[in-house]
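Residue-level structure breakdown
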Amino acid sequence: GSYTAKVSLNDTANYEWADEFDGNISWQINKATKALPTLGSVSYNGTTRIAEVEETDEYTVVTNNGGVNVGKYNVTIKMSDELYKNYKWKTIDTQEVTITFEITKATNNEITNLQITGWVYGEKANTPTATSTYGEITYTYVGTNGTNYSSSATAPTKAGTYKVIASVSETDNYNSATAEKEFTITKAKLTAPTIKNGTFTYDASVKTLELNGFDETTMSITGNTETNAGSYTAKVSLNDTANYEWA
């Protein structure tokens, strides 16, 4: 504080102050300084984070609202009335002072439990599922083990081996994350056709082998027409051997 000392003459009958000195001398004791508390950073976790600061006998916390996203946030503390009589903050002589803490980028983002079940050609594609620590997951597909399918957000439809890649893009708040899982689209099985009428009597006309279960959209046949008497073998083939096979 500021103080005034009083200097008096012992013999005012014979002495007096020069230069109109009134005997008052001002002096002061400066406040000692207190260091501000150091606030550590906290990591982003998708919820509101506040500074980890505890009140003491020396100060109370006035505001500590924090935030959700990565960045710096203010905390206001107030020095106790008793302490403020003889101390001040190192940076400023006010009872309240604002300090900052930081929410830092999360580096523990990961994708877990990625699941997808393969299916049979011609069936509806199964939807992958996964869980991420942070962020929205997107899925892409790519062929593997010789299956020609470039990276695409559209699920494949043809028989083959593939992998699904689950991804979360990096943001200011968290790092990126990926996971992948292989699956197979198996060939659809077709039942071989059976003979409906395979025995004829020669009459000089062309005879055509009749079959049950023959589907011209998925099958082709050769050697199924003859005229002369004899034994013959017809060949039934799959039109699309990449996606179909015989049961």
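Summary of the structure given here. On a predicted model such as this, the values are computed, not experimentally measured, just so you know. (Residues numbered from 1 in each chain as written. Predicted model: local features only at pLDDT ≥ 70, side-chain atom pairs only at ≥ 80, totals over all residues. Heavy atoms only, no water.)

Turning our eyes to something else, we now look at the overall build of the protein chain. Assigned secondary structure in the protein chain consists of one helix and 22 strands. The globule rule puts the C-alpha radius of gyration for 247 residues at 18 Å, and the 44 Å found for the protein chain is more than 25% above it. Judged by the C-alpha coordinates and their principal axes, the protein chain covers about 170 × 30 × 20 Å. The buried share among the 247 residues of the protein chain stands at 26%. Partitioning the intrachain contacts of the protein chain with sequence separation of at least 6 by distance along the chain shows that 47% fall at a separation of at least 24. Accessible area of the protein chain: about 16,400 Å², with a carbon and sulfur share of 45%. The averaged location of the 29 negative side-chain charges in the protein chain is 9 Å from the averaged location of its 19 positive side-chain charges. (Helix = DSSP H or I, 4+ residues; strand = E, 2+ residues; numbered from the N terminus. Rg over C-alpha atoms; globule rule 2.2 N^0.38 Å. Buried < 20%, exposed > 50% of the residue type's maximum accessible area, 1.4 Å probe, protein only. Contact = heavy atoms within 4.5 Å. Areas by Shrake-Rupley, 256 points an atom, 1.4 Å probe, with all protein chains shown as cover. Lys, Arg positive; Asp, Glu negative; His and termini not counted. Charge placed at Lys NZ, Arg CZ, Asp CG, Glu CD.)

On to the pairing of strand S6 (residues 71–79). Sheet analysis places strand S5 (residues 59–63) next to S6, joined by four bridges and oriented antiparallel. The residue bridging threonine 60 from the neighbouring strand is lysine 78, located in S6. As paired strands, S6 and strand S8 (residues 96–104) are joined by eight bridges and run antiparallel to one another. Following the sheet pairing, isoleucine 77 is matched in S8 by valine 97. (Pairing = 2+ DSSP bridges.)

The next subject is the side chain of asparagine 109. Along the chain, asparagine 109 falls in the loop between S8 and strand S9 (111–115). The class of asparagine 109 is buried, set by a relative accessible area of 7%. Polar contacts involving the side chain of asparagine 109 include one to the main-chain amide nitrogen of tyrosine 134, which spans 2.9 Å. In terms of polar contacts, asparagine 109 uses its side chain to reach the backbone carbonyl oxygen of asparagine 175, at 2.9 Å. With residues near it in sequence (within four places) discarded, asparagine 109 still touches Ser132, Thr133, Tyr134, Val168, Tyr174, Asn175, Ser176 and Ala177. (Polar contact = N/O pair within 3.5 Å; in protein donor to acceptor, adjacent residues only side chain to side chain.)

All right, on to the sheet that holds strand S12 (residues 138–143) then. Pairing is mixed in the open sheet, where four strands are placed in the order S10-S14-S13-S12. The sheet is open, and its two borders are formed by strand S10 (119–120) and S12, each paired with just one other strand.

A few words now on the pattern of salt bridges. According to the stated counting rule, one finds seven salt bridges in the structure shown. The salt bridge involving lysine 105 is made with glutamate 170; its shortest N-O contact spans 2.3 Å. Of this pair, lysine 105 sits in the loop between S8 and S9 while glutamate 170 sits in the loop between strand S13 (160–168) and strand S14 (177–186), and the two are 65 residues apart along the sequence. The class for glutamate 170 is exposed, based on a relative accessible area of 51%. Ionic pairing is found between lysine 163 and glutamate 180, a salt bridge with its closest N-O pair at 3.2 Å. Here the residue lysine 163 occupies a position in strand S13, and glutamate 180 occupies one in strand S14, the gap between them amounting to 17 residues. (Salt bridge = Lys/Arg side-chain N within 4 Å of Asp/Glu carboxyl O.)

On the accessibility criterion, lysine 105 (31% relative accessible area) is partly exposed. Note: C-alpha distance between lysine 105 and tyrosine 44 (61 residues apart in sequence) is 5.7 Å. Those residues in contact with lysine 105, other than ones at most four positions away along the chain, are Val70, Glu170, Thr171, Asp172, Asn173, Tyr174 and Asn175. Within polar-contact distance, the side chain of lysine 105 engages the side chain of glutamate 170 at 2.3 Å. Polar contacts involving the side chain of lysine 105 include one to the main-chain carbonyl oxygen of threonine 171, which spans 3.3 Å.

Moving on, we come to the nonpolar core. Core analysis: the biggest nonpolar cluster contains 34 residues, and Leu39, Val75, Ile77, Phe101, Ile111 and Phe183 have the highest contact counts within it. Mapped onto this core, the elements with two or more residues apiece are S6, helix H1 (81–84), S8, S9, S13 and S14. Setting aside chain neighbours within four positions, we find isoleucine 77 in contact with Pro37, Tyr59, Thr60, Val61, Val62, Trp89, Gln95, Glu96, Val97 and Ile99. Residues Ala188, Leu190, Met219 and Tyr244 belong to the second largest nonpolar core, which totals five residues. (Core = buried A, V, L, I, M, F, W, Y, C linked by side-chain atoms within 4.5 Å.)

Now for the layout of surface pockets. One water molecule sets the probe size; rolling that probe over the atoms shows where empty space is left. In this model, the largest pocket occupies a volume close to 370 Å³. What lines the largest pocket is a set of 20 residues, and nearest its centre among them are Gly198, Phe200, Glu226, Gly230 and Tyr232. Listing elements by their share of the lining of the largest pocket, those giving two or more residues are strand S17 (207–208) and strand S20 (225–226). Of the residues belonging to the lining of the largest pocket, the class tally is six nonpolar, 12 polar and two charged. (1 Å grid on protein atoms, 1.4 Å probe; cavity = no way out; pocket = protein on both sides within 12 Å on 5 of 7 lines; lining within 4 Å. Points joined across faces, edges and corners; volume = space filled by probe spheres on them. Nonpolar A, V, L, I, M, F, W, Y, C, P; charged D, E, K, R; others polar.)

Read from one edge of the open sheet, four strands run S4-S8-S6-S5, paired in mixed fashion. Single-partner strands in this sheet number two, and they are strand S4 (42–43) and S5. As defined by bridge partners, S4 adjoins S8 across two bridges and the pair is classed as parallel. Within S8, the position partnered with serine 43 by the bridge is threonine 104.

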